[in-house]
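An overview of the molecular structure
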Amino acid sequence: MNETPIIQLAGLHKRFGAVTAVDGVDLTIHRGEVVALLGPNGAGKTTTVDLALGLATPTAGSVRLFGGAARDAIVDGRVGAMLQGGALLPDLTVRDSVALVASAHRAPMSVDEALRRARCTEIAGRRVNKLSGGQLQRARFAVTVVSDPDLLVLDEPTAAMDVEARHTFWSSMREFTDTGRTVVFATHYLDEADTFADRIVIMRDGRIVADGTPAEIKAIAAARTIRFTGVGPADHDALRGLPGVSGLEERHGTVTLVTDRSDTTLRALLAAFPAAHDIEVVPSTMDDAFLALTRTTDEPSSAETTGARS
């Protein structure tokens, strides 16, 4: 792309004494992308977000937002951030909280529009200290979007939300992203990343170990499972010998084979065991890919960064 990147991190390092939290991160995000940042606890996600927003100073490397300094973009109201440590004044109503933040910006959207986008209209008159966990997150989102930002940065935005509240949140988020805004969100909910992100960046030990579309990330975990019935325990050794099979499990008459060559394994299974029935081939999930990429015993292989972007 020829346009100026929304976020550009280059050679980013951050050390806290002997601890390296971010270890050489290079990341470019363009306008209109919805990017999920994944990783286990301690992977460096929150520190990377803090560095990108200018809330922390890198030990080495550079950060640019919209081609300039992060502070300039934030002062101009081009960035909205919903971070884990953010808090609202407990005695204010939701509407007053949004209005207070709107008053600090040069060209905010209307308070009513921010409340509507965050699905907070019905709780606008409620005091912050009377909100449930999910309602509080929605109120914080209204405060985040009232500046009408071009970039949204969200750190665990659906924490403390139940399933219905998460669904409501992402419905409002779709409305925001449909306008071509850029969104970067860190989450522990892998299904959210799989469903809502155009691009997934996975971190481990302060480094990016994978960067690609959800389909590309899931393809890293090449193994699939084949489930079926109709083959008894006496044939388990033969099943383990089928091409591509790396594991077998049997529970209540259902056999599950793990294979990295599902088509070849399935053809061999049907040829050797024609009595097999109720066959189901299950592709790799985001959970499978995440576990494969964030294991700590070995460094990532070259296959793990397939689809990585410069």
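Refer to the preceding data block for the structure.
**Description of the overall build of the protein**
When you go through the protein residue by residue, the secondary structure sums to 11 helices and 13 strands. Taking the principal axes of its C-alpha atoms as reference, the protein extends roughly 75 × 45 × 40 Å. Residues counted as buried form 46% of the 310 residues belonging to the protein. For the protein, long-range pairs separated by at least 24 residues make up 68% of all intrachain contacts whose partners lie at least 6 apart in sequence. Carbon together with sulfur atoms contributes 50% to the accessible area of the protein, which is approximately 14,900 Å² in total. When the 32 basic and 40 acidic side-chain charges of the protein are each reduced to a single mean position, those positions are 5 Å apart.

**A word on the pairing of strand 1 (residues 7-16)**
In regular strands, side chains alternate between the two faces of the sheet. Alignment of strand 1 against strand 4 (residues 60-65), held across five bridges, turns out to be antiparallel. Bridging from a neighbouring strand, Q8 pairs with R64 of strand 4. Counted along the chain from strand 1 to the antiparallel partner strand 2 (residues 19-29), the turn is two residues long, and its residue G17 has a positive phi close to 65°.

**Brief notes about the sheet that holds strand 12 (residues 254-259)**
What the four strands build is an open sheet, ordered 11-12-10-13; its pairing is antiparallel. Taken across any chain shown, the strands that pair with only one partner, and hence form the sheet edges, are strand 11 (245-251) and strand 13 (277-282). On average, each strand axis in the sheet is inclined to that of its neighbour by 15°, with strand direction left out of account. Across four bridges, the pairing between strand 10 (residues 224-229) and strand 13 is antiparallel. For R227, the partnering residue across the bridge sits in strand 13 and is E280.

**A short note on empty space enclosed by the protein**
Counted under the stated rule, the structure contains one cavity of 30 Å³ or more. Size it by volume and the largest cavity reaches roughly 110 Å³. Together, I7, L9, L27, I29, V35, L37, T48, V49, A52, V153 and V184 line the largest cavity. Only strand 1, strand 2, strand 3 (34-38) and helix 1 (45-52) provide two or more residues apiece to the lining of the largest cavity. A breakdown of the residues in the lining of the largest cavity according to their chemical character gives 10 nonpolar, one polar and no charged.

**A few points about the nonpolar core**
A general feature of soluble globular proteins is that nonpolar side chains tend to end up buried together. Among the nonpolar cores identified, the biggest contains 49 residues, and M173, I200 and I217 are the most heavily contacted of them. Excluding its chain neighbours within four sequence positions, the residues that come into contact with I217 are I200, I202, A210, D211, G212, M286, A289 and L293. V22, L51, A52 and V184 belong to the second largest nonpolar core, which has 28 residues in total.

**Here we look at the packing of helix 3 (residues 94-102) against helix 5 (residues 133-145)**
The N-to-C vectors of helix 3 and helix 5 enclose an angle of 25°; their axes lie 8 Å apart at closest approach. The angle between helix 3 and helix 5 falls in the class roughly parallel. As for how helix 3 packs across helix 5, the hand of that crossing is right-handed. When helix 3 is examined against helix 5, the residues V94, S97, V98 and V101 are found in contact with a partner set consisting of A139, A142 and V143. Residues belonging to the contact of helix 3 with helix 5 are distributed by class as follows: six nonpolar, one polar and no charged.

**Topic: the environment of S172**
For S172, the position within the fold is in helix 6 (residues 163-177). Setting aside anything within four residues of it in sequence, one finds S172 in contact with R117, A118, R119 and F141.

**Here we look at a nonpolar patch on the surface**
There is a patch of nonpolar side chains on the surface, built from L270, I279 and V281 and spanning about 210 Å² of accessible area. Of note, L270 is situated in helix 10 (residues 262-272).

**What about the layout of surface pockets?**
In this structure, the largest pocket spans a volume of roughly 420 Å³. What lines the largest pocket is a set of 21 residues, and nearest its centre among them are A81, V101, R140, V143 and T144. Of all the secondary-structure elements, those providing two or more residues to the lining of the largest pocket are strand 5 (79-82), helix 3 and helix 5. By residue number, the principal contributor to the lining of the largest pocket is strand 5, which donates four residues. Its residues assigned to classes, the lining of the largest pocket comprises 13 nonpolar, seven polar and one charged. Here the second largest pocket is characterised by a volume of approximately 150 Å³. Considering the residues around the second largest pocket, the lining is formed by V163, R166, H167, W170, R174, D191, E192, T195 and F196. Residue assignment for the lining of the second largest pocket shows that the elements contributing at least two residues are helix 6 and helix 7 (190-196). By residue number, the principal contributor to the lining of the second largest pocket is helix 6, which donates five residues. Classifying every residue of the lining of the second largest pocket gives three nonpolar, two polar and four charged.

Calculation criteria
- Each residue is numbered by its place in its chain's sequence as written, counting from 1.
- Side-chain atom pairs in this predicted model are given and counted only at pLDDT of 80 or more, local residue features only at pLDDT of at least 70, and totals for whole chains, interfaces and linings cover all residues.
- Calculated side-chain values reflect all of the structure's heavy atoms, with hydrogen atoms and water omitted.
- Strands here mean DSSP runs of E at least two residues long; helices mean DSSP runs of H or I at least four residues long; both are numbered from the N terminus.
- For each residue, the accessible area found with a 1.4 Å probe, counting protein chains only, is set against the maximum for its type, and the residue is called buried under 20%, exposed over 50%, and partly exposed in between.
- We call two residues in contact when some of their heavy atoms are within 4.5 Å.
- The Shrake-Rupley method, run with a 1.4 Å probe sphere, supplies the accessible areas, and residue values consider only the shown protein chains as cover.
- Counted charges follow a simple rule, with Lys and Arg positive, Asp and Glu negative, and His plus the chain ends left uncounted.
- A charge is said to be at NZ when it belongs to Lys, at CZ for Arg, at CG for Asp and at CD for Glu.
- Pairs of strands are assigned from DSSP output, requiring at least two bridges between the strands.
- Axis definition: a line fitted to C-alpha atoms, over the contacting stretch in the case of helices. Angles run 0 to 180 degrees between N-to-C directions.
- Using only the protein atoms, space was sampled on a 1 Å grid; points where a 1.4 Å probe fits but cannot get out form cavities, open sets with protein on both sides within 12 Å along at least five of seven lines form pockets, and lining residues are those with an atom within 4 Å of a point.
- Grid points are joined across faces, edges and corners, and a volume is the space filled by probe spheres set on the points.
- Residue polarity follows a fixed list, in which Ala, Val, Leu, Ile, Met, Phe, Trp, Tyr, Cys and Pro are nonpolar, Asp, Glu, Lys and Arg are charged, and the others, Gly among them, are polar.
- What we call a nonpolar core is a set of buried Ala, Val, Leu, Ile, Met, Phe, Trp, Tyr and Cys residues that are connected through their side-chain atoms within 4.5 Å.
- Orientation categories follow fixed angle ranges, with anything under 35 degrees roughly parallel, anything over 145 roughly antiparallel, 65 to 115 roughly perpendicular, and all other angles oblique.
- Less than a right angle of anticlockwise turn of the near helix away from the far helix marks a crossing as left-handed, whereas a clockwise turn marks it as right-handed.
- Note on patches: the residues involved have over 30% relative accessible area and no salt bridge, like charges join within 9 Å, and the nonpolar side chains Val, Leu, Ile, Met, Phe, Trp and Tyr join within 5 Å.
- Between Lys or Arg on one side and Asp or Glu on the other, a salt bridge is scored when a side-chain nitrogen of the former is within 4 Å of a carboxyl oxygen of the latter.

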